[in-house]
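Survey of secondary and tertiary structure
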There are 2 protein chains.
Amino acid sequence: MPDRTQTSTGPLGDDTHARILETAGHVFAETGFQAAKVRDICARAGVNLAAVNYHFGDKLGLYNEVLRYAACAAGNAAEFDPALPGGTPEAKLRGFVHGLLRHMYGEDRPAWPVRIMTHELAQPTPAFQGVVDQIIRPRHEAIRALIGAIIGRPSGDRVTRLCTQSVMGQIIVYAHGREVLKRLWPDLRFTTETLDEIADHISAFSYAALRSMSRANRASSANGAPLRTARSGKRAAR
Amino acid sequence: MPDRTQTSTGPLGDDTHARILETAGHVFAETGFQAAKVRDICARAGVNLAAVNYHFGDKLGLYNEVLRYAACAAGNAAEFDPALPGGTPEAKLRGFVHGLLRHMYGEDRPAWPVRIMTHELAQPTPAFQGVVDQIIRPRHEAIRALIGAIIGRPSGDRVTRLCTQSVMGQIIVYAHGREVLKRLWPDLRFTTETLDEIADHISAFSYAALRSMSRANRASSANGAPLRTARSGKRAAR
DNA sequence: ACATCGATCAAACACGTGTTTTAAAATTCT
DNA sequence: AGAATTTTAAAACACGTGTTTGATCGATGT
């Protein structure tokens, strides 16, 4: 049981601890926790088999450490916090969608954190509850509050929740439908331009839908003043 | 190598072949192919361990047979074929969403086919390609044509594809986000009424968004005649 | 220079799991 | 009814895989 509090393990820059962590991220992302093999990780990382148990206790300990990083990398980003003040609700929504998409699928981002979360959703490990509570829930409540503000309903309202599902579904479908998409739309490449195009689409699609559902718009519907956005944010405090 | 062409294996109604198939569906749905254990399936089905290899050759043979049934059960249903004639595009979309949701998540439907597909999406087995080609692709093209008709664009158009992603994403998020949803919205129960409520929401949400994107509507925008649906279906033949 | 401690290594261990085997029971056909 | 075939049963086999072990190497401090 080594202390492992960063004892500068080597004169060379490549620490085995870090190299295992890095490689394990890719391997776990490819096959999920259960199917991933410790021997595979070690071989690819170029370290000895026993190194995993030495540095992380056991396979699950390694996975937990990988997952903690992955959860932050996949869902945590300060840039697109919808709770930030300033801007119209529409701009906030746009910023959120753009930021999350770029964060999840951007070319400059590693793809493995999202894939790990995909596996975690298909078959949660005990660590999943923590990920939900610490990473997903606060973001979910923030975006729900934003959507509630747009449609003029409380954050916990049933319609608000359904709309949140609709918006989030459009985003995560590019993660979970990945394998289908590769076969049904093989030309699609996730370049920065494409990502912005997708984000623009989701934003426009969602905002148009939300506006049509907003109480303010509904009250004054059938006259179609096209710029009547929902300005009833006060009623949407959670 | 038995023939297995339904040789009425027993006077009792419960055939071990059928019982294995039934149980395997549940077990594979819970843990996915790799993590599922043959011993678990046999124990739960109340049959001997060797029965799996006798009736299905090996574990993969059993899985393939289960998957073929699951793919049909999860995605195949005549009732909501959007290619069927009759009705406005809006009604067709509504029918499609309602039918698919009820088919995937209905209380009277077994939940395991959808869960198996979830695992297959997270980590495709070799059988996945066939499922995409035979089950998913034809349905996907039909719904794409319908959406193209609504927004007045060809079926293969980029915007049409993005819109299709948006609509499908709203539906499958209830499958893939299942574990998150259980924690973030624990009160949600998939009763028949709730399912209709969700389907109504997705239909309304999507149709409002699609209408705002339709070329017909865009050309006459900013006057907001609320019933100006897209009637340019002819241009959307695939 | 020597002792000490942490890190690495090759080998072995323990166990779970898919599969095979061999025999017995049940069913079907003549 | 009797023989042939199909189905079930228990045990054993072969192998992959997480983990442990004891030895060795290297660095650090006195």
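The numbering scheme is per chain: residues are counted from 1 as the chain's sequence reads. Chains carry letters from A onward and ligands carry numbers from 1 onward, assigned in written order. Residue-level local features of this predicted model are given only where pLDDT is at least 70; pairs of side-chain atoms are given and counted only at 80 or more, and the full residue set underlies all totals for whole chains, interfaces and linings. Derived side-chain values reflect all non-hydrogen atoms in the structure, with water molecules and hydrogen atoms excluded from consideration.

**Considering the overall build of chain A**
Assigned secondary structure in chain A consists of 11 helices and 0 strands. To qualify as a helix, a DSSP run of H or I must reach at least 4 residues; to qualify as a strand, a run of E must reach at least 2; elements of each kind are numbered from the N terminus. Going residue by residue from the N terminus, the α and β elements of chain A occur as α-α-α-α-α-α-α-α-α-α-α. Residue burial is assigned from relative accessible area. The probe radius is 1.4 Å, only protein chains are included, and a residue is buried under 20% of its type maximum, exposed over 50%, and partly exposed in between. When each of the 238 residues of chain A is scored for burial, the buried share is 50%. Here a residue-residue contact requires only that any non-hydrogen atoms of the pair lie within 4.5 Å. Sequence-distant contacts, at least 24 apart, represent 68% of the contacts inside chain A between residues at least 6 apart. Counting only carbon and sulfur atoms, one obtains 54% of the accessible surface of chain A, whose full area is about 11,200 Å². Under the convention used here, a 1.4 Å probe and the Shrake-Rupley method define accessible areas, while residue burial counts only the protein chains that appear.

**Focus: the interface of chain A and chain B**
The partner chain B presents 53 residues to the 54 residues of chain A that form the contact. Accessible area that two parts lose when put together, evaluated with a 1.4 Å probe and summed over both, is termed the buried area. Both faces combined, the contact of chain A with chain B buries some 4,900 Å², and carbon together with sulfur accounts for 66% of it. Here a salt bridge means any side-chain nitrogen of Lys or Arg lying within 4 Å of a carboxyl oxygen belonging to Asp or Glu. Between chain A and chain B we count 2 salt bridges in total. The partner of E197(B) in a salt bridge is R158(A), with the nearest N and O atoms 2.8 Å apart.

**Comments concerning the packing of helix α10 (residues 192-213) of chain A against helix α8 (residues 158-176) of chain B**
The angle between two axes is taken between their N-to-C directions and runs from 0 to 180 degrees, where each axis is a line fitted to C-alpha atoms and a helix contributes only its stretch in contact. Where α10(A) contacts α8(B), the axes come no closer than 10 Å and their chain directions differ by 60°. Here α10(A) is positioned oblique relative to α8(B), judged by the angle of their axes. Seen along the crossing, α10(A) lies across α8(B) with a hand that is right-handed. Contacts from T194(A), E197(A), I198(A), H201(A) and F205(A) of α10(A) reach α8(B) at R158(B), L162(B), C163(B), S166(B), V167(B) and Q170(B). An angle below 35 degrees is treated as roughly parallel, one above 145 as roughly antiparallel, one from 65 to 115 as roughly perpendicular, and anything else as oblique. Handedness of a crossing follows from how the near helix is turned relative to the far one, being left-handed for an anticlockwise turn of less than a right angle and right-handed for a clockwise one.

**Describing helix α8 (residues 158-176) of chain A**
Residue and element names in this part refer to chain A. How far a helix is expected to stretch is found by multiplying one less than its residue total by 1.5 Å. Here α8 contains 19 residues, and its C-alpha end-to-end distance of 25 Å stays within 8% of the 27 Å for a straight helix at 1.5 Å per residue. Of all 19 residues in α8, 17 are buried; the element is thus mostly enclosed. Nitrogen and oxygen atoms within 3.5 Å of one another constitute a polar contact, given that in protein one can donate a hydrogen and the other can accept it, and given that sequence-neighbouring residues count only through two side-chain atoms. Measuring from the backbone nitrogen of V159 back to the side-chain oxygen at the start of α8 gives 2.7 Å, which picks out D157 as the cap.

**A few points about the environment of G156(A)**
The topology assignment puts G156(A) in the loop between α7 (128-151) and α8. Each residue touching G156(A), except ones within four places of it in the same chain, is listed here: R144(A) and R161(A).

**Observations regarding the side chain of H55(B)**
Mapped onto the elements of the fold, H55(B) is located in helix α3 (residues 50-56). Side-chain polar atoms of H55(B) contact the side chain of T16(B), separated by 3.3 Å.

**Details of the pattern of salt bridges**
Tallied over the full model, the rule gives 20 salt bridges over all chains. In this structure, the salt-bridge partner of K182(B) is E179(B), at a minimum N-O distance of 3.5 Å. Here K182(B) pairs with E179(B), and both are found in helix α9 (residues 178-184), just 3 residues apart, close to one helical turn. Where E179(B) meets R183(B), a salt bridge forms, and the shortest distance between an N and an O atom there is 3.2 Å. With E179(B) and R183(B) both in helix α9 and 4 residues apart, this pair spans about one turn of that helix. Where salt bridges share partners, they join R178(A), E179(A), K182(A) and R183(A) into one cluster.

**So, helix α5 (residues 89-105) of chain A**
Taking 1.5 Å of rise per residue, 17 residues should cover 24 Å, and α5(A) covers 24 Å from first to last C-alpha, within 8% of that figure. Turning to α5(A), its buried residues number three or more, namely P89(A), L93(A), F96(A), V97(A), H98(A), G99(A), L100(A), L101(A), H103(A), M104(A) and Y105(A).

**Quick notes on the relation of the copies chain A and chain B**
The copies are overlaid by a least-squares fit using only the C-alpha atoms of residues whose pLDDT is at least 70 in both copies. After a rotation of 180° and a shift along the axis of 0.0 Å, chain A superposes on chain B with an RMSD of 0.0 Å. Expressed as an axis order, the relation between the two copies is that of a two-fold axis.

**Focus on the confidence of the model for chain A**
As a per-residue measure, pLDDT tells how confident the predictor is, with possible values from 0 to 100. Mean pLDDT over chain A stands at 84; residues scoring 70 or higher make up 79%. Here residues 221-238 of chain A scores under 50 on pLDDT; set against residues more than four positions off or in separate chains, the count is 33 contacts.

**Here's the deal with the packing of aromatic side chains**
All names here are of chain A. By convention, a stacked pair of Phe, Tyr or Trp rings (six-membered ring in the case of Trp) has centres within 6.5 Å and planes under 30 degrees apart, an edge-to-face pair has planes over 60 apart, and any other such pair is tilted. The final tally for this structure, using the stated rule, is 13 aromatic pairs over all chains. For the pair F33 and Y63, a centre-to-centre distance of 4.9 Å together with 50° between the ring planes defines the contact as tilted. Of this pair, F33 sits in helix α1 (residues 16-35) while Y63 sits in helix α4 (residues 59-75); the two residues are 30 residues apart in sequence, bridging distant segments of the chain. A relative accessible area of 21% places F33 in the partly exposed class. Geometry around F33 places K59 over its ring, the cationic atom sitting 4.7 Å from the centre. Either the NZ atom of lysine or the CZ atom of arginine qualifies as a charge over a ring when it sits within 6 Å of the ring centre and within 35 degrees of the ring normal.

**Focus: the packing of helix α1 (residues 16-35) of chain B against helix α6 (residues 112-122) of chain B**
Residues and elements named next belong to chain B. Two elements in contact, α1 and α6, have axes whose closest approach is 8 Å; the angle formed by their N-to-C orientations is 40°. With respect to each other, α1 and α6 are oriented oblique. Of the two elements, α1 crosses α6, and the hand of that crossing is left-handed. Of α6, the residues touching α1 (which contributes G25, H26, F28, A29, E30, T31 and G32) are W112, R115, I116 and H119. Here the nonpolar group is Ala, Val, Leu, Ile, Met, Phe, Trp, Tyr, Cys and Pro; Asp, Glu, Lys and Arg are the charged ones; every other residue, Gly included, is treated as polar. By residue class, the composition of the contact of α1 with α6 is 4 nonpolar, 5 polar and 2 charged.

**What about the environment of E30(B)?**
Inspection of the secondary structure puts E30(B) in helix α1. Using a relative accessible area of 37% as the deciding quantity, one classes E30(B) as partly exposed. Through-space distance from the C-alpha of E30(B) to that of W112(B) is 7.7 Å; in sequence the pair is 82 residues apart. With residues near it in sequence (within four places) discarded, E30(B) still touches Q123(A), R44(B), R115(B) and H119(B). At 2.8 Å, the side chain of E30(B) and the side chain of R44(B) are in polar contact.

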